[in-house]
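Structural overview for review
If you want the building blocks of each chain, they are given just below.
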Amino acid sequence: MSGLQRSPRITPFLWFDSNAEEAVDFYLTVFKNSRRLDEQRANIEDTRVTKGVLTIAFELDGQKFTALNGGPLFKFTEAISFVVRCENQQEVDDYWSKLTAGGSESQCGWLKDKFGLSWQIVPERLPELIKHPKAMLAMMQMKKLDIAELERAAQS
């Protein structure tokens, strides 16, 4: 956590069992303009602490995160998710395809990736579109969001 002083005041801190490096490497392939920033290795002989990498600071398209190899005590839930705002259907399709690989689809643009982390893949126009009741109803029936279908519903 040596990069803590250079981090924004609020940074998402993600608790993984023992696969933080695998997760970070995966996320770096999903998001453009991403990079690994720093890592801290466990350097104490304590059986409760994962040997090897303890934390990894990384950045996904400008957003800083820290990943922790914290052990199996805690799991991700849908109570926390990350919203990916997409400019067009191509971006929605691309992020959806990459993040659901090995994961699972849910409702209304939500998914869980193969590490159990929840994401919302949404068009940037979604708040405007779902002001229309028919578009809101259409969204409620979708897993991956279809911008053209939401636009049609908003105009009907």
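Residues numbered from 1 in each chain as written. Predicted model: local features only at pLDDT ≥ 70, side-chain atom pairs only at ≥ 80, totals over all residues. Heavy atoms only, no water.

**Description of helix α5 (residues 147-155)**
Inclusion rule: We call a residue buried when its accessible area falls under 20% of the maximum for its residue type, exposed when it is over 50%, and partly exposed in between, using a 1.4 Å probe and counting protein chains only. A run of H or I in DSSP counts as a helix once it spans at least four residues, and a run of E counts as a strand once it spans at least two, with each numbered from the N terminus. This arc corresponds to the set of directions leading from the helix axis out to the C-beta atoms. Here, residues are in contact when the closest pair of their heavy atoms is within 4.5 Å. Any pair of nitrogen or oxygen atoms within 3.5 Å is treated as a polar contact; in protein, a donor-acceptor pairing is required on top of that, and neighbouring residues in sequence qualify only through side-chain atoms on both sides.
Of the residues making up α5, those classed as buried are Ile147, Leu150, Ala153 and Ala154. All buried residues of α5 project into a common sector of 125 degrees when viewed along the axis, lining one side. At its buried positions, α5 is contacted by α2 (89-100), β8 (118-123), α3 (126-129) and α4 (133-140). Of the residues flanking the start of α5, the one acting as N-cap is Asp146, its side-chain oxygen 3.1 Å from the backbone nitrogen of Ala148.

**Details of the side chain of Thr66**
Take Thr66: it is sitting in strand β4 (residues 63-69). Apart from the residues within four sequence positions on either side, Thr66 is in contact with Thr11, Pro12, Phe13, Leu14, Thr55, Ile56, Ala57 and Phe58.

**Thoughts on the pairing of β4**
What counts here: Strands pair, by our definition, only if DSSP identifies at least two bridges between them.
Most of β4 sits out of view: five of its seven residues are buried. Two elements, strand β1 (residues 13-16) and β4, share four bridges in a ladder whose sense is parallel. Bridging from a neighbouring strand, Phe13 pairs with Thr66 of β4. Two strands pair when backbone bridges link them, and strand β3 (residues 52-60) and β4 are joined in this way by six bridges, in the antiparallel orientation. The residue bridging Phe58 from the neighbouring strand is Phe65, located in β4. Between β3 and β4, which follow one another and run antiparallel, lie two residues, and Asp61 among them has a positive phi close to 50 degrees.

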